[in-house]
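Report on the structure
Next come the chains, spelled out residue by residue.
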Amino acid sequence: MSIFIGKHNRLLIGTSSVIFSLCFVTQLLGRQGQVASAQLIPRKILALYKGSENRTEEVNEIYQLAQLPLNNLGLVVEYADAEQELPTPEEMSEYRGILTWFISDQMKNARRYRHWLNRILTASRLPVVMMGHMGAYREYGRKISNLDVLEVKSIFNLMGLTSNLRTWKAENVHIGFKNSAFYDFELNLSSDKVDYFYDIRSKRQNNRVLLRLSQNGVRNDAAILTPNGGYIQNGVIYRLDEESGRTQWYVNPFLFFRTVFACDNFPIVDINTLGGKRTAFVHIDGDGFSTISKIDRWHLCAQLMQKRVFEKYRLPFSVSVIVAEVDSAYLGNEETVQTARRLFRLPNVEPASHGFAHPFDWRTGKVELDSIPGYQFDAKREIVESMHYIQQQLLPPGKSVNVFFWTGMCNPTAEQIQIVEDHGWYQINGGAGKLDPMYPSISAFAPPYAQVKNQFRINARISNEYEFSDRWLKHYDGFVQVVKSLYFTGQRNPLTPANIYFHFYSMEWPQSWAALRKVLQFAEHQDWTFLYVSQYIRMVNDFLHAEIFLLDEDKYVVRSNGFVRTIRFLKESRGINLAESKNVLGFAHQGRDLLVHLNANQEHLIVLGRTLHKIPYLSGFNRMIDSVSVMNDTLQLTVQGFGDFKAVLRNMLPDQAYLVKSLTEFEPERQHNAKRCPVISSQFGKENLFYVHSQADGTLKLKAFIEGRTVLIITPATTFQYVLAKFRPWILGLILLGFVGVHLRWVRTRDRKI
């Protein structure tokens, strides 16, 4: 990680990261000759904004529009103010490119920025992508000078462009050429939608013009790909609807960024997919916990939520409480305390904190529960004391709380995020998004994280019922509309994880409960990989810090903290050489892409190709699998999670019966080819056994219900064992009939003698 925290510290962090990475590759390969050829694949994009345009790391065009597609290409976006000190070319070894998006032609320290940009374009091979305006025509608040013109033209010249730096109102503009692959992504760009005409043209033959405009014989190349970057001018990137504030892309951002940052042969860290299926998680904010439900006007919303949701649906839930609302020393009572304890005892509930007094604005200290006598906002009390109270007063033995859900505006400072990180906890909320059917666009959805100075806040992904019900003022059944957002974001590999996000107050009204029930029923029947929110957060954290090395052609090393679980290769028809790869669970193809499933290790070796002899592997699964080990024909899987577990294994023995033994509480489903056998006892405690049968091509499908950490041992079974298990009810029935027959014959014989 090399966020800008001062020149010397930044250089130190970058250097130590490279040294540690080389040590890691040495350890994995064990041969110095291969280490020398190992090459770190840069994953970071330096995104520049201008503070003078009232932009910050969290409020700028790149965060609001471009970061999501960039993240989905496996790229980590880090922000910096272009008007402040920027890293030198020598300090940018971890960066894949630079992206700027400015809205004006003036800049503070414009000359310093132009000299820096000139050095980047001449001394490094990093692509520079300019969107909107070049941004540094003149010094902030001054008129443009001849020196300004010369330096700006020099930068354009380095990119193979020419310009007289003139702009005028577009009238009678004609679109001379428009690349249909790159344009008309969400909205068709027509000439009447072009507001301004820029005097910018491509002058190199190896440039690729994507959009060409003309006006009265004057040419304007409005979108260009160059060998060292690209340029798209204001007005032809997206459309902003002034009335609604909604945006829609003209340009295909996925294709544009994939092309300009050379991502086609790039191993993508994919957090939206796990086990070949869409990642999903459910989390609940604590608001409304103690509200009396209008459904029966008797129970608390939390009590009905437990009975009707947490105990009924076979899904993992991450559930938070507001401590002051529960604690009997403040606004709670014995009933709220006992309700919270019962709720957190459920095996499918992961506990979390939603603060002490629910701050509305973390930067001003305004809190929602302002009726607590003498309470003044205290970030440590909101975070640390609330977590400690939940741990010490509400949780059963063996459970721990390690997740904090931001409250209100979800706008913590970097220092407040650091409090969470210092305790080894995880944090989420903010961001999110929902589909506007009038203006359907990927820009409606936030990226997985927001940078806050030198910290990262993890975002929720889909809006909760508060946003779908006009801020809980009317349309209490509005949350059912979230299904449209889930469908929309399920596209494009997919766009985001499926996030079901709501509050306890969804149980306040009959119509709000009816909407929530429909959403949960929809989610329960989707083929998604459900996680606890802490697992998802750890995936995002690993996305931010993972390193990928190219060892040799088609050989990659992935280094993380063990929660990078999917690597995606775009347009890759080959599979994985399982014999040479290390810590790889398996692979599958999704459309034209190759998905590689990784285990929980921190180091992975991926070798593209094919295995000469058959080795069993996982092609798909819907809960987090930490490891798979193979010895002879026996496999051992370690699974984490809760709910209906499904997995598909390939290259098993064809047309073979297998015995599956679980070493934890594990109840197989009575469906398809899985037949339950009696529970037996051993040194491991209770074990559950069932049999499955592989198909003629060696495919084996597992289906079961899991709760917590489960170890499955899969071994070939004899025909006698399989037949005994499969026809056990019939055999028991025949034996019983035999006993009945013998008994009847004995009775008849006895009666005759009498």
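Source: prediction; values computed, not measured.

**Quick notes on the confidence of the model for the chain**
Averaged over every residue, the pLDDT of the chain is 90; the share at 70 or more is 90%. Confidence drops under a pLDDT of 50 for residues 30-36, and excluding neighbours within four residues, the segment shows seven contacts in the predicted structure.

**Section: the nonpolar core**
Ranked by internal contacts, the top residues of the largest apolar core, which has 166 residues, are Tyr-183 and Phe-310. With near-sequence residues (within four places) excluded, Phe-310 lies in contact with Ile-284, Met-305, Phe-317, Val-319, Leu-343, Leu-346, Asn-348, Val-349 and Phe-504. If you look at the next biggest cluster of nonpolar residues, it comprises 32 residues, including Leu-86, Tyr-113, Tyr-137 and Ile-224.

**Examining helix 7 (residues 301-310)**
Within helix 7, eight of the 10 residues are buried, leaving the element largely enclosed by the surrounding structure. Turning to helix 7, its buried residues are Cys-301, Ala-302, Gln-303, Leu-304, Met-305, Gln-306, Val-309 and Phe-310. Buried residues along helix 7 sit against strand 18 (277-285), strand 19 (317-321), helix 9 (334-344), strand 20 (349-353), strand 27 (498-503) and helix 14 (510-524).

**A closer look at a nonpolar patch on the surface**
Residues Leu-732, Ile-735 and Phe-739 make up a contiguous nonpolar surface patch of about 310 Å² in total accessible area. Tracing the sequence through the fold places Ile-735 in helix 17 (residues 728-753). Overall, Ile-735 belongs to the partly exposed group, its relative accessible area being 42%.

**Describing the pattern of salt bridges**
On inspection of all chains with the given rule, the structure shows 31 salt bridges. A salt bridge links Arg-166 to Asp-199; the nearest nitrogen and oxygen atoms lie 3.7 Å apart. Taken together, the positions of Arg-166 in strand 8 (residues 161-169) and Asp-199 in strand 10 (residues 196-202) put the pair 33 residues apart, joining distant regions of the chain. Note on Arg-166: relative accessible area 46%, which makes it partly exposed. One salt bridge in this structure joins Asp-644 and Arg-314, with 2.7 Å as the shortest N-O distance. Note that Asp-644 is positioned in strand 39 (residues 642-650) and Arg-314 in the loop between helix 7 and strand 19, a separation of 330 residues in sequence. Residue Asp-644 is classed as partly exposed on the basis of its relative accessible area of 26%. Judged by its relative accessible area of 32%, Arg-314 falls in the partly exposed class. Put simply, Arg-111, Arg-114, Asp-148 and Glu-151 are held in one network by salt bridges that share partners.

**Quick look at the pairing of strand 36 (residues 617-621)**
With five of five residues buried, strand 36 lies mostly within the body of the structure. With four bridges connecting them, strand 36 and strand 39 associate as antiparallel partners. By the bridge assignment for strand 39, Tyr-617 is matched with Arg-650.

**Quick notes on the pairing of strand 46 (residues 710-716)**
Burial within strand 46 is extensive, with five of its seven residues counted as buried. Looking at chain direction, strand 38 (residues 634-640) and strand 46 are connected through five bridges and run antiparallel. Counted as the bridge partner of Leu-635 is Ile-714 from strand 46. Taken together, the five bridges between strand 40 (residues 657-662) and strand 46 define a ladder with antiparallel strand orientation. Its bridge partner lying in strand 46, Tyr-658 is registered against Pro-716.

**Overview of the layout of surface pockets**
In this model, the largest pocket occupies a volume close to 1,600 Å³. In terms of lining residues, the largest pocket is bounded by 49 residues, among which Gly-408, Met-409, Gly-430, Gly-431 and Glu-467 are the most central. Residue assignment for the lining of the largest pocket shows that the elements contributing at least two residues are helix 3 (61-72), helix 12 (465-468) and strand 27. The leading source of residues in the lining of the largest pocket is helix 3, at three residues. Together, 22 residues line the second largest pocket, and Asp-195, Tyr-196, Tyr-198, Asn-234 and Gly-235 are the ones closest to its centre. Mapped by element, the contributors of at least two residues to the lining of the second largest pocket are strand 8, strand 10 and strand 14 (238-240). Here the lining of the second largest pocket is composed, by residue class, of 11 nonpolar, four polar and seven charged.

So, how was this worked out
Residues numbered from 1 in each chain as written. Predicted model: local features only at pLDDT ≥ 70, side-chain atom pairs only at ≥ 80, totals over all residues. Heavy atoms only, no water. pLDDT = per-residue confidence, 0-100. Contact = heavy atoms within 4.5 Å. Core = buried A, V, L, I, M, F, W, Y, C linked by side-chain atoms within 4.5 Å. Buried < 20%, exposed > 50% of the residue type's maximum accessible area, 1.4 Å probe, protein only. Helix = DSSP H or I, 4+ residues; strand = E, 2+ residues; numbered from the N terminus. Patch = residues over 30% accessible without salt bridge, like charges linked within 9 Å, V, L, I, M, F, W, Y side chains within 5 Å. Areas by Shrake-Rupley, 256 points an atom, 1.4 Å probe, with all protein chains shown as cover. Salt bridge = Lys/Arg side-chain N within 4 Å of Asp/Glu carboxyl O. Pairing = 2+ DSSP bridges. 1 Å grid on protein atoms, 1.4 Å probe; cavity = no way out; pocket = protein on both sides within 12 Å on 5 of 7 lines; lining within 4 Å. Points joined across faces, edges and corners; volume = space filled by probe spheres on them. Nonpolar A, V, L, I, M, F, W, Y, C, P; charged D, E, K, R; others polar.

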